[in-house]
Amino acid sequence: MAEHIPIGSDHAGFEMKGHLVKALAAMGYQVEDLGTHAAESTDYADFAHPVASEVSSGEAKRGILLCGTGLGMSYAANRWPNVRAAVAWTPEVAKLSREHNDANILVIPARCISEADGVKILEVWLNTPFEGGRHQRRIAKIERADGERRGDAAVE
Ligand code: RB5
């Protein structure tokens, strides 16, 4: 069965989202477009949370978000447990966000890159596996127990 991928953007990412939805469908993914569905001004968090909640719960393995800089979307998405939302502005950053950080949400800064680069970044991100090993240990340290406040190097 085709992998289901939720995607969302605000108005700043709306146009590029259309291109990415088409690219995802052409690659055989089952795309769930959670909006925005028009170019009118919107608030990025309204679209970040629906995508991030699916990834956080495991309903979706991966998700895609777009806004102007990628920053607002990443702030909101990264509030969810087990979400690792990475802003990628080059294919190299996208590749490393998978290999080293096991990013499960790709955030595209739509006002800062070309449409062609957006599609390239998407392809690289989707097709790059996580390296595991020492990176798995580092990822495990991101999700800390409530009340843990120190950046304690001894935490396993
Ligand atoms: C919208 O104008 C813009 O602020 C938003 O898309 C995003 O860049 C925020 O981080």
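My aim in this report is to walk through the structure given alongside it, one point at a time. (Residues numbered from 1 in each chain as written. Predicted model: local features only at pLDDT ≥ 70, side-chain atom pairs only at ≥ 80, totals over all residues. Heavy atoms only, no water.)

Along its length, the protein chain carries six helices and five strands. Listed N to C, the secondary structure of the protein chain is β-α-β-α-β-α-β-α-β-α-α in terms of helices and strands. Referenced to the eigenvectors of the C-alpha coordinate spread, the extents of the protein chain come out at roughly 45 × 30 × 30 Å. Expressed as a percentage of its 156 residues, the buried residues of the protein chain come to 46%. (Helix = DSSP H or I, 4+ residues; strand = E, 2+ residues; numbered from the N terminus. Buried < 20%, exposed > 50% of the residue type's maximum accessible area, 1.4 Å probe, protein only.)

Under the criterion given, the structure shown has six salt bridges. Among the salt bridges present, the one from Arg62 reaches Glu3, with a minimum N-O distance of 2.8 Å. One end of the pair, Arg62, is in the loop between α2 (45-57) and β3 (63-67); the other, Glu3, is in the segment before β1 (4-9), and 59 residues separate them in sequence. For the salt bridge of Lys17 with Asp33, the shortest nitrogen-to-oxygen distance reads 3.0 Å. Taken together, the residues span a long stretch of sequence, with Lys17 in helix α1 (residues 11-26) and Asp33 in strand β2 (residues 30-33) at a distance of 16 residues. On the basis of relative accessible area, Asp33 is assigned to the partly exposed category, the value being 30%. Within this structure, Glu3, Lys61 and Arg62 form a network of salt bridges that share partners. (Salt bridge = Lys/Arg side-chain N within 4 Å of Asp/Glu carboxyl O.)

Taken together, the residues surrounding the ligand are Asp10, His11, Ala12, Tyr44, Cys67, Gly68, Thr69, Leu71, Gly72 and Arg111. Within the backbone of Thr69, a nitrogen or oxygen atom sits 2.9 Å from an oxygen atom of the ligand. With respect to the ligand, the side chain of Arg111 contributes an N or O atom lying 3.1 Å from an oxygen atom. Summarising the interface, the protein chains cover 72% of the accessible area of the ligand, which totals 300 Å² for the free molecule. Listing elements by their share of the shell around the ligand, those giving two or more residues are α1 and α3 (71-77). Of the residues belonging to the shell around the ligand, the class tally is four nonpolar, four polar and two charged. (Near = heavy atom within 4 Å. Polar contact = N/O pair within 3.5 Å; in protein donor to acceptor, adjacent residues only side chain to side chain. Areas by Shrake-Rupley, 256 points an atom, 1.4 Å probe, with all protein chains shown as cover. Nonpolar A, V, L, I, M, F, W, Y, C, P; charged D, E, K, R; others polar.)

What follows covers the nonpolar core. Of all hydrophobic cores here, the largest spans 22 residues; its most connected members are Leu20, Leu24, Ile64, Leu106, Ile108 and Leu122. Broken down by secondary-structure element, the contributors of at least two residues to this core are β1, α1, β3, β5 (105-109) and α5 (115-127). When sequence neighbours within four positions are dropped, the list of residues in contact with Leu20 reads Ile7, Ile64, Leu66, Ile108, Gly118, Val119 and Leu122. With 16 residues, the next largest nonpolar core counts Val55, Ala60, Ala85 and Ile105 among its residues. (Core = buried A, V, L, I, M, F, W, Y, C linked by side-chain atoms within 4.5 Å. Contact = heavy atoms within 4.5 Å.)

One way to put it is that helix α4 (residues 91-99) packs onto α5 with a least axis distance of 8 Å and a crossing angle of 20°. With respect to α5, the element α4 is oriented roughly parallel. Taken as a pair, α4 and α5 cross one another with a handedness that is right-handed. In this structure, α4 contributes Pro91, Ala94, Lys95, Ser97 and Arg98 to the contact, and α5 contributes Lys120, Ile121, Val124 and Trp125. The residue makeup of the contact of α4 with α5, split by class, is five nonpolar, one polar and three charged. (Axes fitted to C-alpha atoms, helices over the stretch in contact; angles between N-to-C directions. Parallel < 35°, antiparallel > 145°, perpendicular 65-115°, else oblique. Left-handed = near helix turned anticlockwise from the far one by under 90°.)

Glancing now at the sheet that holds β1. Across the sheet, which stays open at both edges, the five strands sit in the order β2-β1-β3-β5-β4 with parallel pairing between neighbours. Single-partner strands in this sheet number two, and they are β2 and β4 (85-87). Pairs of neighbouring strands in the sheet enclose a mean axial angle of 20°, with direction left out of account. Bridge count between β4 and β5: three bridges; the pairing is parallel. Looking across to β5, one finds that Ala86 is bridged to Leu106. Lying over the sheet, α1 contacts β1, β2, β3 and β5, oriented at roughly 160° with respect to β1. In the packing of α5 onto the sheet, contacts are made with β1, β3 and β5, and the angle to β5 comes to roughly 165°. (Pairing = 2+ DSSP bridges.)

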